[in-house]
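# Examining the three-dimensional arrangement
The primary structure of each chain is shown beneath.
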Amino acid sequence: MPGEEVLHSRRTLSLRFDIPISRTHEFWDALKAGRLVTTKCTKCGNVTFPPQADCPKCSSGEFEWVDLGTEAKLLTYTQVLITPASFADSDPYIIAIGKLANGLNVLAWLEGIALEAVKPGMAMRLEPRSSKEGNPYYVFVAA
Ligand SMILES: [Zn+2]
């Protein structure tokens with residue numbers, strides 16, 4: 001409400017996210033094993049990424065696992081200089097959106113290339129990785 005007094009807290013708020021993976025744990029298991037898979041709705045054929053247990057197109061809960069594919073073309077990118085708290089120890093990094101051969105757009109870090117060498121339309125490859133803590137993730141690299 002206008003004119004209402006507001007208390008501005010200077011305390012740091014910390015949030016914890018528990019992401020439910022019970023129906024999509026195959027994705028993480030496959031990623032750990034070095035494979036990229038995703039969900040395909042067995043009712044309407046819609047392929048989604050990130051994997052979704054319930055089809056956003058037809059709401060069916062029936063799905064199968066299919067290979068995601070690794071070849072991509074760079075659509076757009078940005079360099080992140082001011083890193084979020086969760087990446088406070090990271091150097092500046094490049095975030096890219098790549099279009100896979102199956103038409104899906106994937107957002108991931110683009111690693112192993114100098115910013116000056118990054119060009120929209122360039123060929124990239126999606127690669128599984130593992131963090132120091134053993135958590136699987138995926139990045140784009142120049143193909
Ligand atoms: Zn569907």
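Residues numbered from 1 in each chain as written. Predicted model: local features only at pLDDT ≥ 70, side-chain atom pairs only at ≥ 80, totals over all residues.

## So, the domain arrangement of the protein chain
- Domain annotation for the protein chain reports domain 1 (20-68) and domain 2 (70-143).
- Contacts between the two partners involve 8 residues from domain 1, matched on the other side by 9 residues from domain 2.
- Across the side of domain 1 that touches domain 2, the residue classes tally to 6 nonpolar, 1 polar and 1 charged. (Domains from an automatic or database assignment. Contact = placed C-beta atoms within 7 Å. Nonpolar A, V, L, I, M, F, W, Y, C, P; charged D, E, K, R; others polar.)

## Describing the nonpolar core
- Of all hydrophobic cores here, the largest spans 13 residues; its most connected members are Ala72, Ala96, Leu110, Met124 and Phe140.
- For this core, the secondary-structure elements that each account for two or more residues are strand 4 (71-80), strand 5 (93-100) and strand 6 (105-111).
- Mapped onto the domain boundaries, this core takes at least three residues apiece from domain 1 (20-68) and domain 2 (70-143).
- Setting aside residues no more than four positions away along its own chain, methionine 124 makes contact with Ala72, Leu74, Gly98, Leu110, Phe140, Val141, Ala142 and Ala143. (Core = buried A, V, L, I, M, F, W, Y, C linked by C-beta atoms within 7 Å. Buried ≥ 20, exposed ≤ 12 C-beta atoms within 10 Å, placed from the backbone. Helix = DSSP H or I, 4+ residues; strand = E, 2+ residues; numbered from the N terminus.)

## Topic: the sheet that holds strand 5
- If you walk around this closed barrel you meet the 5 strands as 4-5-6-8-7, and the pairing is mixed. In this sheet, neighbouring strand axes are inclined to one another by 50 degrees on average, regardless of whether the strands run parallel or antiparallel. (Pairing = 2+ DSSP bridges. Axes fitted to C-alpha atoms, helices over the stretch in contact; angles between N-to-C directions.)

## Here's the deal with the environment of cysteine 58
- Along the polypeptide, cysteine 58 turns up in the loop between strand 2 (47-48) and strand 3 (63-67).
- Using a count of 12 C-beta atoms within 10 Å as the deciding quantity, one classes cysteine 58 as exposed.
- In sequence terms cysteine 58 and glycine 45 are 13 residues apart; their C-alpha atoms lie 9.8 Å from each other.
- When residues no more than four places from it in sequence are discounted, the contact partners of cysteine 58 are Cys41, Lys43 and Cys44.

## Structural notes on the environment of serine 131
- In this fold, serine 131 is placed in the loop between strand 7 (123-130) and strand 8 (136-142).
- Taking the number of C-beta atoms within 10 Å as the measure of exposure, serine 131 has 8 and is therefore exposed.

## Considering the environment of proline 50
- Secondary-structure assignment places proline 50 in the loop between strand 2 and strand 3.
- Taking the number of C-beta atoms within 10 Å as the measure of exposure, proline 50 has 12 and is therefore exposed.

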